Each structure stands twice: as structure tokens, then as C-alpha cells.
Amino acid sequence: MHETKNRVPQTGHPENDSEYAGLQVNAGVAQPSSVNPYLSRMRKHRQVLFTVDEYVEGILKGDVTRLSQAVTLVESTLPEHQALAQEVIAKCLPYSGNSVRVGISGVPGAGKSTSIDAFGVHLLNRYGGKLAVLAIDPSSEKTKGSILGDKTRMEKLAVHPKSFIRPSPTAGSLGGVARKTRETIILCEAAGYNHVFVETVGVGQSETACHSMVDFFLLIQLAGTGDELQGIKRGIMEIADGIVINKADGDNVDRARLAASHFRNALHLFPVPDSGLVPEVLCYSGFYDLGIDEVLQMIFRYIDHVKENGYFQFRRNEQAKYWMYESINEQLRNGFYFNPTIRSLIGPTEKQVLGGEVTSFVAAKRLIDRYYEEIKN
Ligand code: GDP
């Protein structure tokens with residue numbers, strides 16, 4: 001202790017003593033800023049907006065970059081972006097409608113992305129055209145990252161020159177997310193995509209939302225759990241236009257066939273759907289590329305049939321009607337909840353209801369009356 005003290009020069013640091021045997025102190029390096037210096041430039045870059053005609057011209061030419069930028073507008077929550085998006089959609093509308101829209105649903109792990117990759121590549125290589133893959137993922141709002149429609153999950157399709165893959169919009173309620181997907185379909189069709197796949201998870205209300213925008217709803221199921229039929233909600237069986245059992249490969253083939261026959265029997269217990277066709281049930285393997293063409297043929301058969309008997313157009317009309325009411329509901333809801341006065345009153349009112357000072361009904365009526373007063377002025 002004493003010795004060390006002796007070696008300390010009067011003015012310097014002990015580690016700078018020539019006899020010091022420890023590590024040397026080097027001049028430090030300035031830490032980079034924790035904020036990306038290019039971020040503001042990127043932000044500015046992202047906000048570059050084009051005119052309505054520039055978007056529309058680009059889309060009609062099939063320019064994928066312009067299409068992506070327009071979809072970003074559709075997904076934006078900023079009112080000025082929304083207004084621009086609505087104009088672009090309106091101008092694209094006359095060029096839309098010329099695709100076959102297929103909804104693809106299944107629980108996580110059923111093999112949706114593997115299958116979409118296989119179906120998509122087969123469809124494009126064998127039958128030609130262009131394919132857009134979109135998604136409705138209600139969970140993405142919570143996780144802030146959409147899982148469905150992710151390019152990395154569809155490796156072959158992601159690099160196919162004729163495909164356009166877009167993950168699920170993330171902001172808003174399920175209704176809002178679904179509306180954005182539906183509007184994106186319009187833009188994709190105007191850009192010449194004659195096949196559209198809409199992926200969704202086989203849980204909750206998302207299938208109903210997906211069903212309300214597609215011409216054919218495909219349900220992917222797995223065999224082997226033994227309780228597949230019990231696990232299926234009646235509602236899903238009723239909206240499926242075709243059921244496919246995935247992973248019919250290796251020693252799973254027999255189980256898949258058995259599951260398929262269970263489904264066929266169960267489907268006969270339901271009334272014949274409005275399309276006039278009892279859904280077909282097929283086995284395939286997305287991973288090993290087995291039975292892929294048969295699944296596509298099943299979809300083509302259905303589409304041919306419903307185009308002939310008029311159900312195709314009837315269903316699209318019904319969907320248009322449904323979306324008109326959905327849009328009204330969404331706009332009324334947003335107008336109410338985003339109104340500044342309502343926003344300031346809703347928390348305290350909720351507390352009053354929780355505290356038993358006022359009934360839910362009276363509280364709701366007070367807020368709504370106040371809202372109408374606000375918008376009158
Ligand atoms: P998703 O969550 O519905 O999109 O399912 P994925 O496509 O990610 O597939 C889930 C898992 O099942 C992955 O490990 C796939 O490799 C596997 N899988 C998908 N399709 C098949 C198939 O046809 N056969 C077999 N054996 N495995 C498959």
C-alpha cells in the first residue's frame with residue numbers, strides 16, 4: 001500500500017507511471033448517437049406524397065413500387081393520407097373486380113404459409129397471371145408486427161416476379177384492418193393482379209371478415225388429433241367453400257384420408273349452401289408439393305360453377321352491401337370516439353358508471369347527446 005503510494009507521480013494518474021504493469025488507459029472513442037442520424041431524412045422520404053393521378057397511373061401500369069406506396073396510404077391513419085387514398089381507390093374502382101379472390105384460413109401451424117407458397121408458385125407457373133397475397137391478422141395490432149402475409153414465410157413466392165405479398169395492416173379494429181385489406185384488393189386488381197389470396201387465422205372473427213371479401217373460402221385442416229370435428233365451430237364449416245387436409249404425407253396419409261371422410265360425412269348434415277355446391281374435401285401436402293394442382297382445380301371448378309349459376313355476382317353484390325354498412329359503422333364510431341370533447345369526457349363518465357353514480361344507459365345517452373350537439377355547431 002505504502003509502496004504504491006510512493007510510485008504515484010505528483011501530477012499524473014498512477015496508470016501512466018512507466019513502472020505501472022497494468023493495462024494502459026487509451027483515449028476514448030466518442031459514442032455514436034443512439035438516434036439514427038438518417039432517421040429524419042428517412043422520415044421525410046417516407047412522407048413524400050404523389051398526386052392522385054400519379055398513384056393511379058402507376059398502379060394501372062402495374063408499377064409495384066407505386067402500388068406499395070398507395071397501399072401504405074390506405075393503411076395510414078393520418079386523415080390527409082386517408083383522403084388521398086380514398087380518391088385513389090375511387091379512380092381504381094372501374095379497373096377492379098377482375099380477379100378470383102381466394103380466402104385461406106387455418107389455425108397457426110396448419111401450414112398456411114407453406115401452402116400459399118406452394119399454391120401460388122404452382123398457380124403462376126402453370127396457369128400464368130399475377131398473384132397478390134394479402135392478409136387479415138387481428139392479432140397484429142397487439143403484437144405490433146403482422147405475422148400473416150409475411151414474405152419470409154413464403155420463400156419461393158417472395159422472389160417470384162409475378163407475385164405481390166403484403167402483410168396484414170396493423171392499425172385499428174378488426175373491421176378497420178379488414179376494410180384496408182379489402183381496399184388493397186381493389187388497388188391490386190387495378191394493377192393487373194388476376195389472382196388474390198387473402199390469408200387469415202382460423203380463430204375468432206377474422207374468418208368472417210375474410211369470407212366477406214372473397215369468392216372462395218378455403219379452410220386448411222390437420223388430421224391426426226382425433227377430435228378435429230369437435231374442435232370446429234359450426235360457423236366455420238358453414239362458410240367454407242372447400243376443406244383441405246394438409247400434411248397428407250409420410251405416415252400421416254391414412255389419417256388425413258380418414259379425417260377427410262369424417263369431414264365429408266359431417267358436411268352432408270348441413271343444408272346445401274347458397275352456391276348450390278357441397279364443399280369438396282381433399283388431402284394434400286404443401287411441404288412435399290403433393291395434390292396441389294387438385295386443390296387449384298377444385299377452386300376453378302367452383303368458380304366456373306358459380307359464375308354460371310349467377311352466385312358469383314350475387315355474392316359480390318352482397319359483399320358490397322355488407323361493406324357499405326361496415327364503412328358507415330366504422331366512420332360513425334371513429335367520428336364519435338375521436339371527437340376531442342368525447343375523448344375528454346369518456347374517462348370520467350366511465351368512472352361514474354363504475355362507481356354506480358350513473359347507469360350505463362344514461363351515461364351512453366349523455367355522451368351521444370353531447371356528441372350530436374358538438375357536431376351540430
Ligand atoms: P402456418 O402457421 O399455418 O402458416 O403454418 P406453416 O406454413 O408455418 O407450417 C407450420 C409447420 O408445419 C412448419 O414446420 C412446416 O414445415 C410444417 N408443414 C407445413 N406444411 C406441411 C406439409 O405439407 N407436410 C408436413 N409434413 N409438414 C408441413
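Parameters at a glance
Residues numbered from 1 in each chain as written. Predicted model: local features only at pLDDT ≥ 70, side-chain atom pairs only at ≥ 80, totals over all residues. Heavy atoms only, no water. Near = heavy atom within 4 Å. Polar contact = N/O pair within 3.5 Å; in protein donor to acceptor, adjacent residues only side chain to side chain. Areas by Shrake-Rupley, 256 points an atom, 1.4 Å probe, with all protein chains shown as cover. Helix = DSSP H or I, 4+ residues; strand = E, 2+ residues; numbered from the N terminus. Nonpolar A, V, L, I, M, F, W, Y, C, P; charged D, E, K, R; others polar. Buried < 20%, exposed > 50% of the residue type's maximum accessible area, 1.4 Å probe, protein only. Pairing = 2+ DSSP bridges. Salt bridge = Lys/Arg side-chain N within 4 Å of Asp/Glu carboxyl O. Axes fitted to C-alpha atoms, helices over the stretch in contact; angles between N-to-C directions. Expected span 1.5 Å × (residues − 1). 1 Å grid on protein atoms, 1.4 Å probe; cavity = no way out; pocket = protein on both sides within 12 Å on 5 of 7 lines; lining within 4 Å. Points joined across faces, edges and corners; volume = space filled by probe spheres on them. Domains from an automatic or database assignment.

K.L.:
Let's hear about the site of the ligand: which residues, and what values?
P.N.:
Inspection of the region around the ligand gives 15 residues, with K112, T114, R153, K247 and D249 positioned closest. S113 places a polar side-chain atom, nitrogen or oxygen, 2.9 Å from an oxygen atom of the ligand. Taking F287, its main chain carries an N or O atom lying 2.9 Å from an oxygen atom of the ligand. Coverage of the ligand by the protein chains reaches 70% of its 570 Å² of free accessible surface. Sort the elements by how many residues they give to the shell around the ligand and helix α6 (residues 112-127) lands first, with three residues. Looking at the shell around the ligand residue by residue, the classes come out as four nonpolar, seven polar and four charged.

K.L.:
Help me get a handle on the pairing of strand β4 (residues 195-201), residues and values and all.
P.N.:
Buried residues dominate β4, accounting for seven of its seven residues. Relative to β4, strand β2 (residues 131-136) is paired through six bridges, and the arrangement is parallel. Note on β4: the bridge partner recorded for L131 is H195.

K.L.:
For unusual backbone geometry, give the residues involved together with the corresponding values.
P.N.:
Residue K247 is not a glycine yet carries a positive backbone phi of 65 degrees. The exposure class assigned to K247 is partly exposed, which follows from its relative accessible area of 34%. With a phi angle near 60 degrees, D289 is a residue other than glycine that sits in the positive phi range. Structurally, D289 is set in the loop between β7 (280-283) and α13 (292-309). For D289, a relative accessible area of 45% gives the class partly exposed.

K.L.:
Pulling in residues and values, what's your account of the pattern of salt bridges?
P.N.:
Summed over all chains, the structure comprises 13 salt bridges. The salt bridge partner of R316 is D215, with a shortest N-O separation of 2.8 Å. Taken as a pair, R316 in helix α14 (residues 311-337) and D215 in the loop between α10 (206-211) and β5 (216-222) lie far apart in primary sequence, 101 residues in all. Per residue, the accessibility class of R316 equals that of D215, and both read buried. The partner of E374 in a salt bridge is R370, and the shortest N-O contact between them spans 3.8 Å.

K.L.:
Talk me through the sheet that holds β5; I want residue IDs and the actual numbers.
P.N.:
The parallel open sheet is built from seven strands, whose spatial order is β3-β2-β4-β1-β5-β6-β7. Looking at the sheet topology across the chains shown, the edges are occupied by β3 (163-165) and β7. Along the sheet, successive strands turn relative to each other by an average axial angle of 20 degrees, direction set aside. Where strand β6 (residues 242-246) meets β7, four bridges bridge the pair, whose relative direction is parallel. Across the sheet, V244 pairs through a bridge with L282, a residue of β7.

K.L.:
I'd like a rundown of α14, residues and numbers included.
P.N.:
For α14, which comprises 27 residues, the first-to-last C-alpha distance of 38 Å matches the rise-based estimate of 39 Å (1.5 Å per residue) to within 8%. Within α14 the residues assigned to the buried category are Y311, F312, R315, R316, Q319, W323, E330 and F336.

K.L.:
Residues and numbers for the layout of surface pockets, please.
P.N.:
Looking at the largest pocket, its volume works out to about 730 Å³. Every element with two or more residues in the lining of the largest pocket is listed here: α5 (79-92), α9 (174-190) and α14. In terms of residue class, the lining of the largest pocket is built from nine nonpolar, ten polar and six charged. Two domains share the lining of the largest pocket, each providing at least three of its residues, namely domain 1 (44-95) and domain 2 (97-309).

K.L.:
Quick rundown of the environment of R153? Include the residues and the values.
P.N.:
Relative to the helices and strands, R153 resides in the loop between α7 (140-143) and α8 (155-158). Overall, R153 belongs to the partly exposed group, its relative accessible area being 25%. Measuring from C-alpha to C-alpha, the distance between R153 and T114 comes to 7.3 Å, with 39 residues separating the pair along the chain. Separated by 3.3 Å, the side chains of R153 and S113 make a polar contact.

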